[in-house]
Amino acid sequence: MSKYYLNYLDELESEAIYVMREVWAQFQNPVILFSGGKDSIVVTHLAKKAFHPSKIPFALMHVDTGHNFPETIKFRDDLIKELDARLIIGSVQESIDTGRVAEEKGKNATRNALQITTLLDAIESNKVDCAIGGGRRDEEKARAKERFFSHRDDFGQWDPKNQRPELWNLFNGKHFEGEHFRAFPISNWTEMDVWNYIAREEIAIPSLYLAHEREVIWRNDSWIPKSEFLVIEDDEKVETKKIRFRTLGDITITGGIESDADTIEKIVLEVSAMRKTERGNRSDDKRSETAMEDRKKQGYF
Amino acid sequence: MSINNNQLLRFTTAGSVDDGKSTLIGRLLYDSKSIFEDQLEAITDTSKKKGHDGVDLALFTDGLRDEREQGITIDVAYRYFTTPKRKFIIADTPGHIQYTRNMVTGASTANAAIILVDARHGVIEQTKRHAFIASLLQIPHIIVCINKMDLVDFKEEAYDTILRQFEEFSSKLLITDVRFIPISALLGDNVVNRSENMPWYQGAPLLHTLETMHISSDLNKVDARFPVQTVLRPQREGFIDYRGYAGRISSGIFRIGDEITAMPSGFTSKIKSIQGPTGELPEAFASMSVAMTLEDDIDVGRGDMIVRSNNKPDASQDIEVMLCWLHNESAKPRAKYAIRHTSNEQTAMIKEIIYKIDINTLGRKMDDSSLNMNDISKVRIRTTKPLMVDSYRENRITGSIILIDENTNETVAAGMVV
Ligand SMILES: Nc1nc2c(ncn2[C@@H]2O[C@H](COP(=O)(O)OP(=O)(O)O)[C@@H](O)[C@H]2O)c(=O)[nH]1
C-alpha cells in the first residue's frame, strides 16, 4: 500500500480540526461547551491543535449544575489555566434562585433538564453564535442524524425534520441574529475512538474515569456515588466498590461500573469488550425511548 | 496496537422500500458485534410490542420518533462499526422516490455504495436511479447486493439475470468498480459469513469485501490543492512573524520547497514549513489538516487556494454544473444565491438550465426550465468573482459547490462541476 493514506484516527483528527477551523471562520463568537467529560476534553485538545501555534481562540463555557464531582471542577480550572483561555460559567443554581426554573422533587430528581434553560440563557447573554460540543452520533439514536453544523432557531430549539442538508465538507453556518449553531467536530467518533485517541495522545482526563474505591449505592442498574446531594432511601445500602465512570454528568445521576481498569490502556481493553452502551448508565436517558430526542429538540447539548 | 493502522471506509446504502436495507445494516452491526446489549434489549422489547416474532433487526436503524411512528426512514442517519480490519461509517439513506436529495447527501462523502436489489423483482426503475446517483456523485466502488436469495431458493439463475440486467444499463454510466453479491440479509447468508446455501458463488461475503477493497487511491493524489480556511497569526513570544495558512488538503501532495501559486491573486512563493496535527512535517497529503508557512510575505486569506505552480485549476466565473435541487421551494429564475466552493464564498446566478435529467428514463428533458426539489439538471452558473475549480470527475472536493438562499439562509442546491 502507498504511504499516502491516513489511518482512521488521523482521518478523524483532521476532520475534527477542519470543522473547528470552519467554526472559527464562519462565526463571530464561538465557544466550546465544556462539561469536564472526556468528549469535551478531546474537543478542547483538538482545538489546541487546530490553531497551534496560536492559543485556542474559543472561550470554554461550562454549565454548572452545582451537583458536580469536585474532581471535575478542579480539572476544569487547571485546564483553563494551562490554556490561558476564558471560562464562562452558566449556573443552574442561579437559574433556580432567580426563578427561571424550578427544582425537581423526589428521589429521582435531577438538575439535568434544568440545564437547558441555563445553557440557552448563557448562550444568549454572552451573544454566543456557535457552541461547539463533544456530541457523537454513535451515542444515542437521536444523535445519528445530527449534522456537523446544527442550526438552532431563536428559541434555541432543534428541528430534526428541518435540518440543512450537509454535503461533502461544505458547511453552511449562515444564521439570523438571535439564532445560533451547535457544531460537533467529533460527530464521527465512537466511544472506542475517543479512548484510543486519549491513549495515543496521552491526554489528561479526570481520575474519575479510572477505577477507584468509592462509596456507592445500587440504583437504576448502576452504582450511584454517595454525595451530599443524594437522598438515600431506607432500602438502599451504601457499599464500597471499586468502580469507574464511563461518562461524567451530574454526580446525582452518573452511575459507575465495577471495574479494575485503572490505566487508560486497561480502559481501552475493557471498552472494546464492553456489551452495554455508555449512556446505559445514565438514568436521564432511561425515562423514555425518546428521552434524548425530546431534550435535544428543546436545546439540550 | 495494530488497529491503529486501519483505514476508515465510508459507505452509503440505497434500495427501494422493503428491499431489506434496514435488515442488512442491522445484520452487519449484529454479526460484527456492534450492537450493545441494552440496544438489543430495547429493540427486542419493541419487536414484541409490534407483534414480530424474533428480533426485528431493522428496528435498530430507525432513528427519530416521527419515523418510528410512521415506520419509515426520512433522512440520512449515520451508523458506526469497527472490525479488526477497518472502521466503517454508514450513511443510511432511505429509498423513496422523493428522497433523491438524501441519497445525494449520503453519497457525497462515500467511498462505496451498496445498492440493494430484491432477487424476486430484479433491476427496477429505482435501482437505475440509485446507480445513476452513485455514478453522478462519483462513488468509487459500487456493490450490488442481491437480497432475499432465500426467497428464490438460492438459485444462481436469479443472480445471473440481475447481474446481466444491471450491467446492461450501467454500461452507459460512469462506474469503474462494480461487484455483485447474492445475500440473505434476514438469514445472514454472505453478509458476514459465507453462505452454505450458495456454493456456486465464489466471491467474498459483503463484510470481507468492505474490509479489503482498495480505497487509498480513491483520493486524487496528483493535483495539489490547498484551500485556505483561516490565517494563524499568533503574535506571541517566539512566533512574532509567524503567518500560517490553515486548511485541509483537498488533493495531492505538498512538500517543503514546492513552488506554489496563491489563487486567484497569482502570487508565487515556496513552501517554508508544514505544521501537521502532530508537529512539523516534510510533506503532507490529501485529507490532512495542516498549517503552511511560505518563504515570502504574500497576501493570502480565507477563500484563496494554494496550488503547485505547475498544476493549476481553472479560475472561472462561468461554470457548468450538474445541480441537484434540495429544497422544497423551487429555484427562482435569475435569482441570486450565495455559492460555496471549498472555503470560498461568492454570489452566483443561475444563467441557464441546459437540460434536466428525467430520473425515470435517465434521458434528457431539454424544454423544462424549472428546478424543483429532487431535480437534477445541468445548469450554467455565473459568479461575481472567479472560483478555482476542477471537474468533479477529477476532484470531488474542488469540483463541488452548494447554493444558499440568502433570504432564508437555507442550503438549496448541491452541484458537481462538469
Ligand atoms: N425472506 C427474506 N426477507 C427479508 C430479507 N431481508 C429483509 N427481509 C424482510 O423484508 C422486509 C423489509 O425489510 P426492511 O429491512 O425493513 O426493508 P427496508 O425498507 O429496505 O429497510 C422485512 O419484513 C424483512 O424481514 C431476506 O434476505 N429474506
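The rules behind the values
Residues numbered from 1 in each chain as written. Chains lettered and ligands numbered in written order. Predicted model: local features only at pLDDT ≥ 70, side-chain atom pairs only at ≥ 80, totals over all residues. Heavy atoms only, no water. Near = heavy atom within 4 Å. Polar contact = N/O pair within 3.5 Å; in protein donor to acceptor, adjacent residues only side chain to side chain. Areas by Shrake-Rupley, 256 points an atom, 1.4 Å probe, with all protein chains shown as cover. Helix = DSSP H or I, 4+ residues; strand = E, 2+ residues; numbered from the N terminus. Nonpolar A, V, L, I, M, F, W, Y, C, P; charged D, E, K, R; others polar. Buried < 20%, exposed > 50% of the residue type's maximum accessible area, 1.4 Å probe, protein only. Contact = heavy atoms within 4.5 Å. Domains from an automatic or database assignment. Buried area = accessible area lost by both parts, 1.4 Å probe. Pairing = 2+ DSSP bridges. Right-handed = clockwise from strand over helix to strand, strands pointing away. Phe/Tyr/Trp six-rings, centres within 6.5 Å; stacked < 30°, edge-to-face > 60°. Lys NZ or Arg CZ within 6 Å of the ring centre and 35° of its normal. Core = buried A, V, L, I, M, F, W, Y, C linked by side-chain atoms within 4.5 Å. Axes fitted to C-alpha atoms, helices over the stretch in contact; angles between N-to-C directions.

### Observations concerning the site of the ligand
Residue and element names in this part refer to chain B.
Then, number 1: Around the ligand sit 16 residues in total, of which Asp18, Lys21, Ser22, Thr23 and Asp150 are the nearest.
Then, number 2: Ser22 has a polar side-chain atom sitting 2.5 Å from an oxygen atom of the ligand.
Then, number 3: Contacts to the ligand include Ser184, whose side-chain N or O atom sits 3.1 Å from an oxygen atom.
Then, number 4: Considering the ligand on its own, with 580 Å² of exposed area, one finds that the protein chains cover 76% of that surface.
Then, number 5: Ranked by residues supplied to the shell around the ligand, first place goes to helix 1 (residues 21–31) with three residues.
Then, number 6: Its residues assigned to classes, the shell around the ligand shows five nonpolar, six polar and five charged.

### Side note on the environment of A:Asp153
All names here are of chain A.
Then, number 1: Checked against the element boundaries, Asp153 lands in the loop between strand 5 (149–152) and strand 6 (180–183).
Then, number 2: Residue class for Asp153 comes out partly exposed when judged on its relative accessible area of 24%.
Then, number 3: On a C-alpha basis, the gap between Asp153 and Glu179 in space is 5.1 Å, while along the polypeptide they are 26 residues apart.
Then, number 4: When neighbours within four sequence positions are excluded, Asp153 is seen to be in contact with Gly178 and Glu179.
Then, number 5: There is a polar contact of 2.9 Å between the side chain of Asp153 and the backbone nitrogen of Gln157.

### Brief notes about the domain arrangement of chain B
All names here are of chain B.
Then, number 1: Taken domain by domain, chain B consists of domain 1 (8–217), domain 2 (225–308) and domain 3 (314–417).
Then, number 2: Using only C-alpha atoms to locate each centre, domain 2 and domain 3 end up separated by 29 Å.
Then, number 3: At the interface, twelve residues of domain 2 touch ten residues of domain 3.
Then, number 4: Taking both sides of the interface into account, the surface hidden between domain 2 and domain 3 amounts to around 870 Å²; carbon and sulfur atoms contribute 62%.
Then, number 5: Its largest share of buried area at the contact with domain 3, domain 2 owes to Ser250, Gly303 and Met305, together 42% of the area lost on that side.

### Examining the pairing of strand 6 (residues 177–182) of chain B
Regular strands place their side chains on alternate faces of the sheet.
All names here are of chain B.
Then, number 1: Bridge count for strand 5 (residues 141–147) against strand 6 is six bridges, and the pairing is parallel. Bridge pairing in strand 6 places His141 opposite Asp177.
Then, number 2: In this view, the connection linking strand 5 to its parallel neighbour strand 6 by way of helix 6 (residues 156–170) has right-handed handedness.

### Let's talk about the packing of aromatic side chains
Residues and elements named next belong to chain A.
Then, number 1: The full count for this structure, using the stated rule, is 25 aromatic pairs over all chains.
Then, number 2: Measuring from ring centre to ring centre gives 6.1 Å for Trp24 and Phe58, while their planes differ by 80 degrees; the resulting arrangement is edge-to-face. Of this pair, Trp24 sits in helix 1 (residues 8–26) while Phe58 is found in the loop between helix 2 (38–51) and strand 2 (59–64), placing the two residues 34 residues apart along the sequence.
Then, number 3: The structure contains a cluster of three or more aromatic residues connected by ring pairs, namely Tyr18, Phe27, Phe148, Phe149, Phe171 and Phe181.
Then, number 4: In this structure, Arg137 packs its charged tip against the face of Phe148, placed 4.9 Å from the ring centre.

### Notes on the nonpolar core
Then, number 1: Formed by 74 residues in total, the largest nonpolar core has its most connected members in B:Phe11, B:Leu137, B:Leu206 and B:Ile376.
Then, number 2: In this view, B:Leu137 contacts A:Trp168, B:Val104, B:Ala107, B:Ser108, B:Tyr392, B:Arg396 and B:Met416; residues no more than four positions away in its chain are not counted.
Then, number 3: The next biggest cluster of nonpolar side chains, apart from the first, holds 68 residues, and it includes A:Phe69, A:Ile203, B:Ala91 and B:Tyr242.

### Quick word on the sheet that holds strand 4 (residues 130–132) of chain A
Residues and elements named next belong to chain A.
Then, number 1: Spatial ordering of the open sheet is given by 3-2-1-4-6-5, a layout of six strands whose pairing is mixed. Two strands close off the open sheet at either side, each with one partner strand: strand 3 (87–91) and strand 5. Across this sheet, the average inter-strand angle for adjacent strands is 30 degrees, counted without regard to direction.
Then, number 2: Two elements, strand 4 and strand 6, share three bridges in a ladder whose sense is parallel. Bridging from a neighbouring strand, Ile132 pairs with Ala183 of strand 6.
Then, number 3: Packing of helix 3 (residues 70–83) onto the sheet brings it into contact with strand 2 and strand 3, and relative to strand 2 it is tilted by some 165 degrees.
Then, number 4: Packed on one face of the sheet, helix 5 (residues 114–125) meets strand 1 (30–33), strand 2, strand 3, strand 4 and strand 6 and runs near 150 degrees to strand 2.

### A few points about the sheet that holds strand 4 (residues 112–118) of chain B
All names here are of chain B.
Then, number 1: The strand order across the open sheet built from six strands is 2-3-1-4-5-6, with neighbouring strands paired in mixed fashion. Looking at strand neighbours, the two that pair on one side only are strand 2 (77–82) and strand 6, the edges of this open sheet. Strand-to-strand twist in this sheet, taken as the mean axis angle between neighbours without regard to direction, amounts to 25 degrees.

### Details of helix 6 (residues 191–201) of chain A
Then, number 1: The element helix 6 of chain A is largely enclosed, with a buried count of eight among its eleven residues.
Then, number 2: Turning to helix 6 of chain A, its buried residues are A:Glu191, A:Asp193, A:Val194, A:Trp195, A:Asn196, A:Tyr197, A:Ile198 and A:Glu201.
Then, number 3: Among the structural elements, helix 1, helix 2, strand 9 (239–245) and helix 7 (264–273) of chain A together with strand 3 (86–92) of chain B are those in contact with the buried residues of helix 6 of chain A.

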